[in-house]
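Listed below, chain by chain, are the residues.
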Amino acid sequence: MSMHTPIAPPNAEHGFMAGYLDALALVERLHRLLLDVIKDEFERVGVLEINAVQALLLFNIGDNEVTAGELKSRGYYQGSNVSYNLKKLVEMGYMHHQRCEIDRRSVRVRLTPKGRDIRDIITALFERHALGLQDRGVLGADGIDQIATSLRRVERYWTDQIRYIY
């Protein structure tokens, strides 16, 4: 806060804080609900061997070849979580892995055809949801853009807090 920024009255600060806490709880609930929606879809189509977190990992990798470090640096996953899930996905045949020639400590991963099938299930699910949100008037293009813009601003703020405060 700059020296020229007026301090908000206590009621306004309390109101913003309450709204912020409500938004945090909503983000948390939405993430858990997304995992439940994916789990439900997998039960519907008979995919029982992988979990929703692993499916999102496959979806986010898509057609790319990446390292665990790249996934962590993109902010998708926590360290041990991504390493464990990548290992399990390789063991189950959803991903190929190969040591990097330059840095032998680093392993590059990419989807197998089996992994691409899971990615396609998630893509189809998200496409159906996008159409349903629009068709039912839940959200239009402007609404989704506003949500995404606001969430990116919070993401940048939190990232700055981690980088510059600690």
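Above: the structure in question.
Given the structure is predicted, the values throughout are model-derived calculations rather than measurements. (Residues numbered from 1 in each chain as written. Predicted model: local features only at pLDDT ≥ 70, side-chain atom pairs only at ≥ 80, totals over all residues. Heavy atoms only, no water.)

Draft legend 1. How the structure looks around the overall build of the protein. A tally of helices and strands in the protein yields 6 helices and 3 strands. In the protein, the order of α-helices and β-strands from amino to carboxyl end is α-α-β-α-α-β-β-α-α. Taken over 166 residues, the protein has a buried fraction of 22%. Across the protein, the fraction of contacts at a sequence separation of at least 24, relative to all contacts at a separation of at least 6, is 53%. Surface summary for the protein: the accessible area is close to 12200 Å², and the carbon and sulfur share equals 56%. (Helix = DSSP H or I, 4+ residues; strand = E, 2+ residues; numbered from the N terminus. Buried < 20%, exposed > 50% of the residue type's maximum accessible area, 1.4 Å probe, protein only. Contact = heavy atoms within 4.5 Å. Areas by Shrake-Rupley, 256 points an atom, 1.4 Å probe, with all protein chains shown as cover.)

Draft legend 2. The arrangement of the sheet that holds strand β2 (residues 95–99) in detail. Ordered by their spatial adjacency, 3 strands build an open sheet running β1-β3-β2, and the pairing between neighbours is antiparallel. For this open sheet the edge positions go to β1 (66–67) and β2, each flanked by a neighbour on one side alone. Of the pairings in the sheet, the one linking β2 to strand β3 (residues 107–111) comprises 5 bridges and is antiparallel in character. Paired with Arg99 across the strands is Val107, a residue of β3. (Pairing = 2+ DSSP bridges.)

Draft legend 3. Highlighting the nonpolar core. Within the largest apolar cluster, 25 residues are counted, with the highest numbers of intra-cluster contacts made by Ile50, Ile61, Leu86 and Met95. Elements represented by at least two residues in this core include exactly α1 (10–45), α2 (52–61), α3 (68–73), α4 (79–91), β3 and α5 (113–135). Here this core gets 6 residues from one element, more than from any other, and that element is α2. Non-local contacts of Leu86, meaning those with residues more than four positions away in its chain, are made with Leu57, Ile61, Ala68, Leu71, Met95 and Val109. (Core = buried A, V, L, I, M, F, W, Y, C linked by side-chain atoms within 4.5 Å.)

Draft legend 4. View of the packing of aromatic side chains. Scanning the entire structure with this criterion turns up 1 aromatic pair. For the pair Phe59 and Phe126, a centre-to-centre distance of 5.1 Å together with 85° between the ring planes defines the contact as edge-to-face. Of this pair, Phe59 sits in helix α2 while Phe126 sits in helix α5, placing them 67 residues apart in sequence. Phe59 gets classed as partly exposed once you look at its relative accessible area, which sits at 27%. (Phe/Tyr/Trp six-rings, centres within 6.5 Å; stacked < 30°, edge-to-face > 60°.)

Draft legend 5. Just the packing of α2 against α5, in detail. Two elements in contact, α2 and α5, have axes whose closest approach is 8 Å; the angle formed by their N-to-C orientations is 90°. As judged from the angle between their axes, α2 and α5 are roughly perpendicular. Across the interface between the two elements, Ala55, Leu56, Leu58 and Phe59 of α2 pack against Gly115, Ile118, Arg119, Ile122, Thr123 and Phe126 of α5. Looking at the contact of α2 with α5 residue by residue, the classes come out as 7 nonpolar, 2 polar and 1 charged. (Axes fitted to C-alpha atoms, helices over the stretch in contact; angles between N-to-C directions. Parallel < 35°, antiparallel > 145°, perpendicular 65-115°, else oblique. Nonpolar A, V, L, I, M, F, W, Y, C, P; charged D, E, K, R; others polar.)

Draft legend 6. A look at the pattern of salt bridges. The final tally for this structure, using the stated rule, is 12 salt bridges. Between Lys39 and Glu43 there is a salt bridge, with the nearest N and O atoms lying 3.4 Å from each other. Highlighted residues: Lys39 and Glu43, both in helix α1, separated by 4 residues, approximately one helical turn. Glu65 is paired through a salt bridge with Arg108; the nearest N and O atoms lie 3.2 Å apart. A residue pair is termed long-range when its members are at least 10 positions apart, and Glu65 in the loop between α2 and β1 and Arg108 in strand β3 qualify at 43 residues. Since its relative accessible area comes to 37%, Glu65 is described here as partly exposed. One continuous salt-bridge network, built from bridges that share partners, spans Glu65, Glu70, Arg108 and Arg110. (Salt bridge = Lys/Arg side-chain N within 4 Å of Asp/Glu carboxyl O.)

Draft legend 7. A look at the environment of Arg99. Its location among the elements puts Arg99 in strand β2. Distance from Arg99 to Thr67, taken between C-alpha atoms, is 9.6 Å for residues 32 residues apart in sequence.

Draft legend 8. Spotlight on α2. Taken across its 10 residues, α2 has 7 buried, putting it largely inside the fold. Residues Ala52, Gln54, Ala55, Leu56, Leu57, Leu58 and Ile61 constitute the buried set of α2. For α2, the N-terminal capping position is held by Asn51, with its side-chain oxygen 3.1 Å away from the main-chain nitrogen of Val53. Looking one or two residues beyond α2, the residue adopting positive phi is Gly62, at roughly 55°. (Polar contact = N/O pair within 3.5 Å; in protein donor to acceptor, adjacent residues only side chain to side chain.)

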